[in-house]
Amino acid sequence: MAGVLLAGLGIAVWWSNRQEKAKEGRPASDAPPKILAIDADTVKQIVIRHRGEDPVTVQFNASGKWEMTSPKTLAVDPIAVGGITNAASRLDSERVVDPNVTDLASYGLAPALIEVSLTAKDGKTSKLLLGENTPSGSAVYAKLDGDPRLFSMPISSKSVFDKEVNDLRDKRLLPFTQDKLSRVEITAQKQTYEFVKKGESEWQIVKPKAMRADSIQTDDLVQRLKNAEMDLSGVQDDKKTAAAFKSAPVLAIAKVTDQDGTKTLEIHKSKDDYYGKSSAVE
């Protein structure tokens, strides 16, 4: 009798485990429906259009890099673009507001406040429409073009797609390949210091006179140059900013040389304001 009970218990455990395994990967029955589910690696073009503004287009080019093609040609921050493609791969709604919405204008969707088109390598385009905030202010109305349903989704999800030119562009002032760096030159306080890399990690000072460099401090300098980024938050008038840069005294000039050649960053200072101009970026 005990053997029969044990066998029965074993079958029950086996069946339970099988059922649990079958449920793995399935969404809960009460889970809100997904708005989008695009494989991030297949997205080759993103177009973001804010109502009344020119679209911002970024494309994955033949060199295997993201670049901005409109409204101007610029290098792109791959992390910023990756945030968009990753969000599109698993974009969940909060709930379905209307299973068959007809009055899109009432929700800020005719036209949409923000329209995001994602084109995959197979040529298929998915268009996400984002409208007004919900009355609670914690969510936004959203719709997928071609889908009759009206969704609400978290405000945090909206912020991922709400990007302008300056949000997506590469903000590095000196984009260089660190392990390919061969020379660094710094001019400040009427003195020029030049460093040349010897081997994989050793640096040699060649100006103002030849001597061995402190590798830790030199690597720290290289890292600071690599991390130097433009701050565009306070720039309202490009011409005015350019004039301010030109009139301000020179503080320092940095030059770095890698496999692509030499890039220069010139820094001017006026009172508490710092202005930078790079030969590598606009």
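This text follows the structure it describes.
Throughout, a residue's number is its position along its own chain's written sequence, starting from 1. With the structure being a predicted model, the display of local features is reserved for residues of pLDDT at least 70 and the display and counting of side-chain atom pairs for 80 or more, all residues being used for whole-chain, interface and lining totals. The side-chain quantities take in all heavy atoms of the structure and omit both hydrogens and water.

Overview of unusual backbone geometry
Which entries qualify depends on this criterion: Runs of E in the DSSP output that reach at least two residues are strands. Runs of H or I that reach at least four are helices, and both are numbered from the N terminus. For every residue, the accessible area (1.4 Å probe, protein chains only) is compared with the maximum for its type, and the residue is labelled buried under 20%, exposed over 50%, or partly exposed between those bounds.
With omega at -5°, the peptide bond leading from A110 into P111 counts as cis. As for its placement among the helices and strands, P111 is situated in the loop between strand 7 (95-98) and strand 8 (114-120). For the bond from K207 to P208, the omega torsion is 5°, close enough to zero to count as cis. Among the secondary structure elements, P208 is positioned in the loop between strand 14 (202-207) and strand 15 (211-212). With phi around 60°, K190 is a residue other than glycine that occupies positive phi space. Tracing the backbone shows K190 in the loop between strand 12 (183-188) and strand 13 (191-198). The class of K190 is exposed, set by a relative accessible area of 88%. In this structure, K271 is a non-glycine residue whose phi angle is positive, near 55°. Relative to the assigned elements, K271 resides in the loop between strand 17 (261-270) and strand 18 (273-278).

A word on the packing of aromatic side chains
Spelled out, the test is: The aromatic pairing rule takes the rings of Phe, Tyr and Trp, using the six-membered ring of Trp, and pairs them if the centres are within 6.5 Å, calling planes under 30 degrees apart stacked, those over 60 edge-to-face and the rest tilted.
Applying the stated rule across the entire model yields two aromatic pairs. Between F60 and W66, the aromatic rings sit 5.4 Å apart at their centres with planes inclined by 65°, giving edge-to-face as the arrangement. The class of W66 is buried, set by a relative accessible area of 16%. Ring plane angle 70° and centroid distance 4.7 Å describe the contact between Y107 and Y141, whose orientation is recorded as edge-to-face. A residue pair is termed long-range when its members are at least 10 positions apart, and Y107 in the loop between strand 7 and strand 8 and Y141 in strand 10 (residues 139-144) qualify at 34 residues. You'll find Y107 and Y141 in the same group, each marked buried.

Points about the pairing of strand 11 (residues 150-154)
Side-chain positions along a regular strand alternate between the two faces of the sheet. Note the following rule: Strands were regarded as paired on the criterion that DSSP finds at least two bridges between them.
Of all the five residues making up strand 11, four are buried; the element is thus mostly covered by neighbouring parts of the structure. In the sheet, strand 7 pairs with strand 11 via three bridges, with the strands oriented antiparallel. Within strand 11, the residue paired with D98 across the bridge is L150. Where strand 10 lies against strand 11, four bridges are found, and the strand directions are antiparallel. Within strand 11, the position partnered with A142 by the bridge is F151. Once strand 10 ends, the chain turns through five residues before running back antiparallel as strand 11, passing G146 with a positive phi of about 95°.

Topic: the sheet that holds strand 18
This is how it is decided: By definition in these notes, contact holds between two residues if any of their heavy atoms fall within 4.5 Å. Between the N-to-C directions of two axes lies an angle of 0 to 180 degrees, each axis being a line fitted to C-alpha atoms and, for a helix, fitted only over the stretch in contact.
Taken in spatial order, the seven strands make up an open sheet running 15-14-13-12-16-17-18, and their pairing is antiparallel. If you trace the sheet from one side to the other, it starts and ends with strand 15 and strand 18, each paired once. Alignment of strand 12 against strand 13, held across six bridges, turns out to be antiparallel. Paired with V184 across the strands is F195, a residue of strand 13. Relative to the sheet, helix 6 (residues 238-247) contacts strand 17 and strand 18, its axis offset from that of strand 18 by approximately 100°.

A closer look at the layout of surface pockets
Worth spelling out the cut-off: Definitions used for this entry: grid spacing 1 Å over protein atoms alone; cavity, a set of points where a 1.4 Å probe fits but cannot get out; pocket, an open set with protein on both sides within 12 Å along at least 5 of 7 lines; lining residue, one with an atom within 4 Å of a point. Grid points are joined across faces, edges and corners, and a volume is the space filled by probe spheres set on the points. Amino acids outside the nonpolar list (Ala, Val, Leu, Ile, Met, Phe, Trp, Tyr, Cys, Pro) and the charged list (Asp, Glu, Lys, Arg) are all regarded as polar, and Gly is one of them.
Volume-wise, the second largest pocket comes out at about 560 Å³. In terms of lining residues, the second largest pocket is bounded by 24 residues, among which K65, A75, D170, R172 and P175 are the most central. Elements that contribute at least two residues to the lining of the second largest pocket include exactly strand 4 (66-70) and strand 5 (74-75). If you tally residues by element for the lining of the second largest pocket, the top one is strand 4, at three residues. For the lining of the second largest pocket, the per-class residue count stands at 10 nonpolar, five polar and nine charged.

Examining the environment of A188
Counting through the fold element by element, A188 comes out in strand 12. Classification of A188 as partly exposed rests on a relative accessible area of 25%. Here the alpha-carbon distance between A188 and I253, two residues 65 residues apart in the chain, equals 6.7 Å. Once residues lying within four places of it in the same chain are set aside, the contact partners of A188 are L251 and A252.

Re the sheet that holds strand 9 (residues 125-133)
Spatially, 5-4-3-2-8-9-10-11-7 is the arrangement adopted by the nine strands of the open sheet, whose pairing is antiparallel. Each having just a single partner strand, strand 5 and strand 7 make up the two edges of the open sheet. Looking at chain direction, strand 2 (residues 43-50) and strand 8 are connected through seven bridges and run antiparallel. Looking at the pairing, H50 lines up with I114 of strand 8. Sheet contacts for helix 2 (residues 78-88): strand 2, strand 4 and strand 8; angle to strand 2, the most-contacted strand, approximately 100°.

Coordinates in, geometry out; function isn't part of it.
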